[in-house]
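Summary of structural features
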Amino acid sequence: MSGSYRIVVIGGDGIGPEVTDAALSVLDAAERRFDFRTERTALPWSAQAYVQGLRVTPEMIEPLRAYDAILLGAIGHPDAPRGLPEHDIIFGLRRGLDLYVNLRPIVLYDDRLTPLRDRTTKDIDFIVVRENTEDVYGRPIARTGEGTPDEAVTSEMIFTRRGTERIVRYAFELARRRPRRHLALVDKSNALRLQEIYRSALADLAREFPDVETDAMYVDAASMWMVLHPERFDVIVTTNLFGDIISDLGAAVVGGLGSGASGNIHPGKVSVFEPIHGSAPKYAGQGVASPVGAIGAIALMLEHLGEGAAAKAVDGALREGFRTGRIKGLDAGSGRTMETADAVARSVREGAVA
Ligand code: IPM
Ligand code: MG
């Protein structure tokens, strides 16, 4: 029996709507080939709409639970107050829908794309599992002594046992399904002693997953290893803040932010899929943004929906696009958005293999 899924599409700002449209044309191709359907509902949420007065409240997020998945383009506009639309929309979705996993595959599609010398596609293929609901992210701020030299701002950094265990467990389960079965915890528990809670979750769960090899390292060292020896990594589990930073570094070693896709996931529940690049206002409306990140988000979404074969086909089509040179690069301007998407869609229809 073929599936039918209800999808919400939030194009957002800047290049967001263009790359999501392009990615949806790849989804069309996957639907035809793999015999499933999606019903799509667009929402006009964006930082630009925020400037015009639209507020996305928790009450508006709640009904999204009735859908199967959400595809998000990008949120961010130069006229919007810094951080506020992100707070309402991005953190609103992540926290409101309890999307505790932020999954960010770091995959080198083609040897030519990495800035690292002598590295090939065999060396860089890991996945960052970023905790997505806790930490110091998006917390209220307390301010004292305003206007004086003693002014101080403070914000809480929170890790709960439940929050820590569920993300570390997710990472162990993911590592178990991958050939190398290796899991590295990235934290800063030498300076932020509260992150010891991650070390203890890793040690506790390691007993349940004796088949997964574990490692733990500080985030500064991990950043160095990612550049010097990216082959060392398979699955990384880390906190919200560090996951944000190392996933951009990871994207850089595979050719830039244009490649990255991410899933904001609560297993078995409605989840949000997005490219990791921003709204790039400079390139908006020109049809030159790379849709590769957004297409990668479609692959992650398909996997989440249980359409594994379609997910593999989309991923395989991206790889084939780079191999054959039909995808020319990841930077804006390296190709036309729709031409890249058409090439990928064609290869999905024609059945490229991963
Ligand atoms: C990301 C982004 C967001 C984050 C910003 C836009 C708030 O950088 O998804 O990585 O920090 O989580
Ligand atoms: Mg980021």
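Refer to the preceding data block for the structure.
A brief report on the enclosed structure follows. As the structure is a computational prediction, the values presented were derived from the model and not from experiment.

1. So, the nonpolar core
In a soluble, globular protein the nonpolar side chains are often hidden away together inside. Grouped together as the largest cluster of nonpolar side chains are 85 residues, with contacts concentrated most on Val129, Val168, Leu183 and Leu302. In terms of residue count, helix α9 (residues 292-305) provides more of this core than any other element does, ten residues in total. Ignoring any residue separated from it by four or fewer positions in sequence, one finds Val129 in contact with Val101, Asn102, Leu103, Ile167, Tyr170, Ala171, Leu174, Val235, Ile236, Val237 and Thr238. By size, the runner-up hydrophobic cluster in this structure holds 21 residues, among which are Val8, Ile61, Tyr67 and Ile70.

2. As for the sheet that holds strand β1 (residues 4-12)
Read across the open sheet, the ten strands follow the order β2-β1-β3-β12-β11-β4-β5-β10-β8-β9; overall the sheet is mixed. Pairing within the sheet leaves two strands with one partner each, and these edge strands are β2 (37-42) and β9 (213-218). Sheet twist, expressed as the average angle between the axes of neighbouring strands with direction ignored, equals 25 degrees. As paired strands, strand β11 (residues 261-265) and strand β12 (residues 271-275) are joined by four bridges and run antiparallel to one another.

3. Some thoughts on empty space enclosed by the protein
Under the criterion given, the structure shown has three cavities of 30 Å³ or more. In this structure, the largest cavity occupies an estimated 60 Å³ of space. If you go around the largest cavity, you meet 13 residues; those closest to its centre are Ser290, Gly329, Ser334, Gly335 and Thr340. Along the lines of polarity and charge, the residues of the lining of the largest cavity split into four nonpolar, six polar and three charged.

Rules and cut-offs
- Residues numbered from 1 in each chain as written.
- Chains lettered and ligands numbered in written order.
- Predicted model: local features only at pLDDT ≥ 70, side-chain atom pairs only at ≥ 80, totals over all residues.
- Heavy atoms only, no water.
- Core = buried A, V, L, I, M, F, W, Y, C linked by side-chain atoms within 4.5 Å.
- Buried < 20%, exposed > 50% of the residue type's maximum accessible area, 1.4 Å probe, protein only.
- Helix = DSSP H or I, 4+ residues; strand = E, 2+ residues; numbered from the N terminus.
- Contact = heavy atoms within 4.5 Å.
- Pairing = 2+ DSSP bridges.
- Axes fitted to C-alpha atoms, helices over the stretch in contact; angles between N-to-C directions.
- 1 Å grid on protein atoms, 1.4 Å probe; cavity = no way out; pocket = protein on both sides within 12 Å on 5 of 7 lines; lining within 4 Å.
- Points joined across faces, edges and corners; volume = space filled by probe spheres on them.
- Nonpolar A, V, L, I, M, F, W, Y, C, P; charged D, E, K, R; others polar.

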